[in-house]
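# Topology and contacts: notes
One-letter residues, chain by chain:
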Amino acid sequence: MGILFWGSLAIILAGGMASLALGRFSPWAGRVGSIGVFVGCLMGLAPAMDVIVTGAVMSWSMEWRMPYGSLSCRIDALSAFFLIPIFLVSGVSALYGSRYLKIHETTKNLGASWFFYSILVVSMALVVVARNGVLFLVVWEIMSLASFFLVTFEHEKESVRQAGWIYLTATHLGTFFLLVLFVVLAREAGSMDFDRFEAMRFHSAAIAGPAFIFAVIGFGTKAGFIPFHVWLPEAHPAAPSHVSALMSGVMIKTGIYGLVRTLTFLSPPQIWWGWLLVGVGLTSGVIGVLFALAQHDLKRLLAYHSVENIGIIALGLGLGLIGTATHQPVLACLGFGGGLLHVLNHALFKGLLFLGAGSVLHATGTREMDRLGGLINRMPWTSATFAAGSVAICGLPPLNGFISEFLIYVGAYHAMGRPDVSIPSAGVIVGLAMIGTLAVACFTKVLGVVFLGEPRTEAAAKAHESDWAMRIPMIALALGCVAVAAAAPWIVGLMSPIVSGVAGIPAQAVKTHLRIIQGPLESVTWMALLLVFGIAILAMLRKRLLAGRPVDRAGTWDCGYAMPSARMQYTSSSYAKPLIHLFDGILQTKTSYDAPVDLFPARAGLHTHTEDVFRRRIYEPLFHAVDRFRSSLRWMQEGRVQVYILYIAVTLVVLLIGGL
Amino acid sequence: MTDLSVLLGPISALVLAPLIPGIINRTKAVVAGRTGQSLLQLYADLLRLFRKGAVYSRTTSWVFKAGPVAGLSCMAVSLAMLPLGGVPGAMAFTGDLIVMVYLMGLSRFFTAAAAMDTGSAFEGMGASREVQFSVLAEPALLVGLAAVALAAGPAGLFDAGPVVNGFRSLSEIYHQLTLSVWANDGAILLLAAAALFIVALTENCRIPVDDPNTHLELTMIHEVMVLDHSGPDFGMILYAAALKLWFFLALLSGLLIPVRSENLWINGISTIIGIFFLAVGVGLVESVMARLRLLRIPQLLAGALSLSALALVLVLWG
């Protein structure tokens, strides 16, 4: 099986290299690159599935002439669990991308794009299997750089360059904290090997506490915890859609992987870690979905939803940590189980939604929701799969989003009334309920404004369905959402070794604890079947009732007004207005209103814009201050070589004196 | 005995639910000194609608047709889990209350999507309001039920030991709501019931949140979302709305009427009588109150959430 894993990475890489070699303007560059990634990813799924089902761990180790470095890798249950969404979403997105990028075939170097895509996939896979700190940081950095080059694919646009710049800065600030984290751990352990870290089990609070904080900041920047999320709403819309699907669906999950992996080094967890993660989860979840609701740009909206879903994952992990810290294994299992299962679920439906958004962008040329409408009649496949993704992301039964939220809910209800855990549990219940209902508001808005009703512009009216290379990936991911929901009791059973490693509870005990949720999950599956059955019966009943009776089609009833136009439909802004108004304290939406004047007003307008509060209030002042400080040091830049040499000499002398 | 009584809940709901709007309307008529429409008016309406043809807007797609069907089957499936006072639901399991609340979310999703499918600004407006109110109503419901679960729970709920006694199905929670729980924790249950009542009025579009009798599309919430539905589709919507009203009143009645005898039939029938009394109560509220301004409704719902939270705080530290 090991040969399959390395073989798959080799094929992906070979595809990327070949694509780069074919390079500019060759129509084969895109094909070779995407086929390489697709085939490699299919192959890579096999060893990952094997590790999860059989529980056999695979490991490799090689000497590396890097100080503290060693080329050691291992696929254990946790790595394999993250490898599955990585290979799955990368594979289908590659297939999608082969068609999506075709319009750039004559103007852009697709070879380079596919090269970086393959590097990104390989580096993500290596991040989750690396067992050495130096190796981890190296592949982590490669992953960040590869995704930077993918984000800046359309670098001739100013906004894309700006987004890429913000992403590059953010990811390196995060990496800085990771560097500190690993140095702190390595100083104690005397080695950078993860095996050594695991054996050490840093229990002294002086090490474990700061290490946890560094991990939350460093990995949280990649994952998109608020307030470290600012790069997401910039980078995801700027990237080509199949790259957005890959980044939002799986790349940000490597942050979650890193955090969870770090938890296996630090034990036992302290209760405040759990409180911190629950707090981060509530903030990211609620504020993420609120900002999503205020957006007009479809892909930006989806990016904020990633922040929300990362928040839900953090809620699960936080409850899990609290459960471990207070010795309540059921809470630990349900929290970690729900949080980790949401990683897989979010990869499936967020990948699907970004591909759907890309399909809309491809067909209409715009991401502005208020310029769309009525696409359901023109793009039936995209619309249907997008609707499925919407139901899933809202956490509604019968799809997969509900399953992971159900685990977290049951954990929270179960913990209610037990010592030390009631407040965070109540917070989780209120938070999940608000996040869920706000998500319903947000996705009925997207569905209603983009896909339903009448087209608002010429571009939307002339939209066409994407062809099969783009449709199949969306259908596959939608089926994935159904499959996870249907197989939920089985999947949760398979997750026990993963949860066991994270929660530090023996696998057999985890199995018994998870068994109490498997029964209810089976019932949930039955309920879902009953629901589908009910819908089918009622639809048939309606058909029978309407048979032989007059069924007409007419214009929409507009309260007596006979000439409604498409522009009179409710827009995304008007739909979200009441909720935006309710939460204006957080969102601080800017409104400019051009009121109609006189009896025959010539023009009027209303513009609303919701900027990211964290970016405007925290990061912009901060970076401006850094900028001012930098310019205040400009006098040191003399521009003469002699002066610079003097600086070097002075530094050396100071170091020597300090050293002595 | 037990086997048959399990069916009492779903069957009574399916048969008697359309009676509830009749009772409410009759109460309002009596208070206002009118004769009022027949108690069985909704049954007649449903029969008439199911025998009619339909008109669909040219703008609409399959989503519009999915709305009523999905809404009704969500409610029907929820009823399979709903306990009728001391009578357990037909398919009770741990965590079923979450499934019920989320099924209502699914029905809301499809109703709002179907409204947006018509392309009418009025229906969009209704959908936008509907999704807004649920943001506060749903947490209030879930927290209120958590408080009830803790109040009803045995001491075993509080120990960190074996897991069997942990979180239970709503039916088990309701089964434990005996008179002695009321004697000990009456205040908590009353607070939760008050929160649930406000949520019930909101979710079912009654005064003071929405006026089911309004005649102006601009002021409607729920009614405006279904303006374009006709014939059997509209029949399904009305029936689903009646079931939803029954669902919430049954939750309340099971909470307020602590009849938990050995005989499940007595439990069930006393709960049903409680539902009828609650319907009269809703009618009285509608007779004495006007509708609130739209901007005030979030405050009312925040009040319901605070009541739930207060109940939870009292049960945890009381």
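Residues numbered from 1 in each chain as written. Chains lettered and ligands numbered in written order. Predicted model: local features only at pLDDT ≥ 70, side-chain atom pairs only at ≥ 80, totals over all residues.

In terms of regular secondary structure, chain B is built from 12 helices and one strand. The helix and strand sequence of chain B, counted from the amino end, reads α-α-α-β-α-α-α-α-α-α-α-α-α. In terms of C-alpha radius of gyration, chain B reaches 20 Å, essentially the compact-globule figure of 20 Å for 318 residues. Over its C-alpha atoms, taken along the principal directions, chain B stretches across nearly 60 × 45 × 40 Å. In chain B, which comprises 318 residues, the share counted as buried stands at 63%. A fraction of 80% describes how many contacts in chain B between residues 6 or more apart in sequence connect residues 24 or more apart. (Helix = DSSP H or I, 4+ residues; strand = E, 2+ residues; numbered from the N terminus. Rg over C-alpha atoms; globule rule 2.2 N^0.38 Å. Buried ≥ 20, exposed ≤ 12 C-beta atoms within 10 Å, placed from the backbone. Contact = placed C-beta atoms within 7 Å.)

To continue, consider helix 8 (residues 205-223) of chain A. Residues and elements named next belong to chain A. Over its 19 residues, helix 8 extends 25 Å from the first C-alpha to the last, a length consistent with the 27 Å expected when each residue adds 1.5 Å. For helix 8, the elements touching its buried residues are helix 6 (158-189), helix 11 (253-265), helix 12 (271-294) and helix 13 (298-325). Following helix 8 by one or two positions, Gly224 adopts a phi angle in the positive range, close to 100 degrees. (Expected span 1.5 Å × (residues − 1).)

The next subject is the packing of helix 18 (residues 422-451) of chain A against helix 6 (residues 121-152) of chain B. Viewed as axis vectors pointing N to C, helix 18 of chain A and helix 6 of chain B meet at an angle of 165 degrees, and their least axial separation amounts to 9 Å. Considering the angle they form, helix 18 of chain A stands roughly antiparallel to helix 6 of chain B. For the element pair helix 18 of chain A and helix 6 of chain B, the recorded crossing hand is right-handed. Taking contact as the criterion, the partners of Ala426, Ile429, Val430, Ala433, Met434, Thr437, Leu438, Val440, Ala441, Thr444 and Gly448 of chain A in helix 18 of chain A are, on helix 6 of chain B, Gly124, Ala127, Val131, Gln132, Ser134, Val135, Glu138, Pro139, Leu142, Val143 and Ala146 of chain B. Of the residues in the contact of helix 18 of chain A with helix 6 of chain B, the class split is 15 nonpolar, six polar and one charged. (Axes fitted to C-alpha atoms, helices over the stretch in contact; angles between N-to-C directions. Parallel < 35°, antiparallel > 145°, perpendicular 65-115°, else oblique. Left-handed = near helix turned anticlockwise from the far one by under 90°. Nonpolar A, V, L, I, M, F, W, Y, C, P; charged D, E, K, R; others polar.)

Following Ile226 of chain A, the chain continues into Pro227 of chain A via a peptide bond in cis, with omega recorded as 10 degrees. Summarising the element assignment, Pro227 of chain A is placed in the loop between helix 8 and helix 9 (232-238). Of note, the amide linkage connecting Pro397 of chain A to Pro398 of chain A takes the cis form, showing an omega dihedral of 5 degrees. For Pro398 of chain A, the location among the structural elements is in the loop between helix 16 (380-393) and helix 17 (400-415). A positive phi angle, near 50 degrees, is found at Gln588 of chain A, a position not held by glycine. Looking at where Gln588 of chain A falls in the secondary structure, it is placed in the loop between helix 25 (584-587) and strand 4 (590-594). Look at Gln588 of chain A and you get partly exposed, because 14 C-beta atoms sit within 10 Å. For Cys205 of chain B, which is not a glycine, the phi torsion comes out positive at approximately 60 degrees.

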